[in-house]
Amino acid sequence: MAQVTELSYYPVKGCAGVTVAEARLTPAGLAHDRSFMVVGATGRFRSQRRDPRMALIRPAISDDGARLTLTAPGHGAVGVDVDTEGDRRGVEMFGRAYRGIDQGDAVAEWLSDVLGAASRLVRVPPEHDRVTTGSTPGTAGYADGTALLLASRASLRLLDRRLAERGAPPLPMNRFRANIVVDGWDEPHTEDRARRITIGDTDLGYAKIAIRCAVTMVDQGSGRKAGPEPLRTLAGYRRATGGGVAFGAKFAVLRTGRLAVGDEVAVSEWGASEL
């Protein structure tokens, strides 16, 4: 039986994740996932692609989303009473314009000090109406693509075998920053073919395979780039027809509810891999 073995959400896009035993699933993904984003002076989003030290920033958010705390080694902590009503400002992510609510000077100064560059923190406004693309449309906060990223242990085991053939060490799943990790599927990359999934009282609809970027080369424990893996090895057997290499799959939310580690992952509809 396939089941959930890990659940993680990332309150601040690009920063460390929060691993939980159970979570509430909203139309935009796991509650609080990518609801905040760090931006530079021009409003362009920051990510581990250029700022790998973001991996060291650890967010904690209250259940009701009203209080956010950030910590980083050598920089202590900063707390934010989350503003959901303030002035909107323009922000930009992958060339697309969005709006964000600035969270104030104190957290901006703290982030600027940690990252060594002028930075501000914004939150998704309540009226955020982003529509995500893929086979199943949906919505998301500031996630790269869709509401959920799902990856399987079988896929990671295959990658680790390929890495061993090159004399490289195995990699932890956190390199891929998945929201849902599944074990129990015999075949690697079964997630590529799952078109409708039920977990707990939630339903997920397949959107697209997950094309991976340089963030996978950042050691999430040290905040340092440790490339060229896994992209070098994935390029040998996971090249996508549209370009790039794939690991994991992205899903939209069809039915909200609760899901938990240990829940069965039941696939009711299958399709062919897009790879």
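Please refer to the structure placed before this passage.
Residues numbered from 1 in each chain as written. Predicted model: local features only at pLDDT ≥ 70, side-chain atom pairs only at ≥ 80, totals over all residues. Heavy atoms only, no water.

**Things to note about helix α1 (residues 105-115)**
Considered for burial, the residues of α1 that qualify are V107, A108, W110, L111, V114 and L115. The arc enclosing the buried residues of α1, seen along the axis, measures out at 165°, which places them on a common side. Exposed residues pointing more than 90 degrees away from the buried face of α1 are listed as A106, E109 and D113. Buried residues belonging to α1 abut β6 (36-39), β8 (67-72), β9 (76-81) and β12 (120-123). Downstream of α1 by a residue or two, G116 has a phi angle that is positive, lying close to 70°. (Buried < 20%, exposed > 50% of the residue type's maximum accessible area, 1.4 Å probe, protein only. Helix = DSSP H or I, 4+ residues; strand = E, 2+ residues; numbered from the N terminus. Arc of directions from axis to C-beta. Contact = heavy atoms within 4.5 Å.)

**Regarding the sheet that holds strand β13 (residues 148-152)**
With mixed pairing, eight strands are arranged side by side in an open sheet as β3-β1-β14-β13-β19-β16-β15-β21. The sheet is open, and its two edges are formed by β3 (18-20) and β21 (265-270), each paired on a single side. When the angles between neighbouring strand axes are averaged without regard to direction, this sheet yields 30°. As paired strands, strand β16 (residues 202-211) and strand β19 (residues 246-255) are joined by seven bridges and run antiparallel to one another. Each bridged residue has a counterpart across the sheet, and for D203 the counterpart in β19 is R255. Packed onto the sheet, helix α2 (residues 153-165) meets β1 (3-9), β13, β14 (180-183) and β19 and runs at close to 60° relative to β13. (Pairing = 2+ DSSP bridges. Axes fitted to C-alpha atoms, helices over the stretch in contact; angles between N-to-C directions.)

**Remarks on the state of the cysteines**
Inspection of the entire model under this criterion finds zero disulfides. The thiol of C213 is unpaired, and the distance to the nearest cysteine sulfur, on C15, comes to 15 Å. Accessibility expressed as a relative area gives 25% for C213, which makes it partly exposed. (Disulfide = S-S within 2.5 Å.)

**Notes on unusual backbone geometry**
Of the consecutive residues G227 and P228, the connecting peptide bond is found in the cis state with omega at 15°. Along the polypeptide, P228 turns up in the loop between β18 (224-225) and α3 (231-234). A positive phi angle, near 50°, is found at R34, a position not held by glycine. By the element assignment, R34 lies in the loop between β5 (29-30) and β6. Accessibility expressed as a relative area gives 12% for R34, which makes it buried. In this structure, R177 takes a positive phi of about 50° despite not being glycine. Counting through the fold element by element, R177 comes out in the loop between α2 and β14. Owing to a relative accessible area of 7%, R177 belongs among the buried residues under this scheme.

**Observations concerning the side chain of D203**
By the element assignment, D203 lies in strand β16. In this structure the side chain of D203 is engaged in a polar contact, spanning 3.2 Å, whose partner is the side chain of R196. A distance of 2.6 Å separates a polar atom in the side chain of D203 from a polar atom in the side chain of T198. (Polar contact = N/O pair within 3.5 Å; in protein donor to acceptor, adjacent residues only side chain to side chain.)

Honestly, it's all geometry; don't read function into it.
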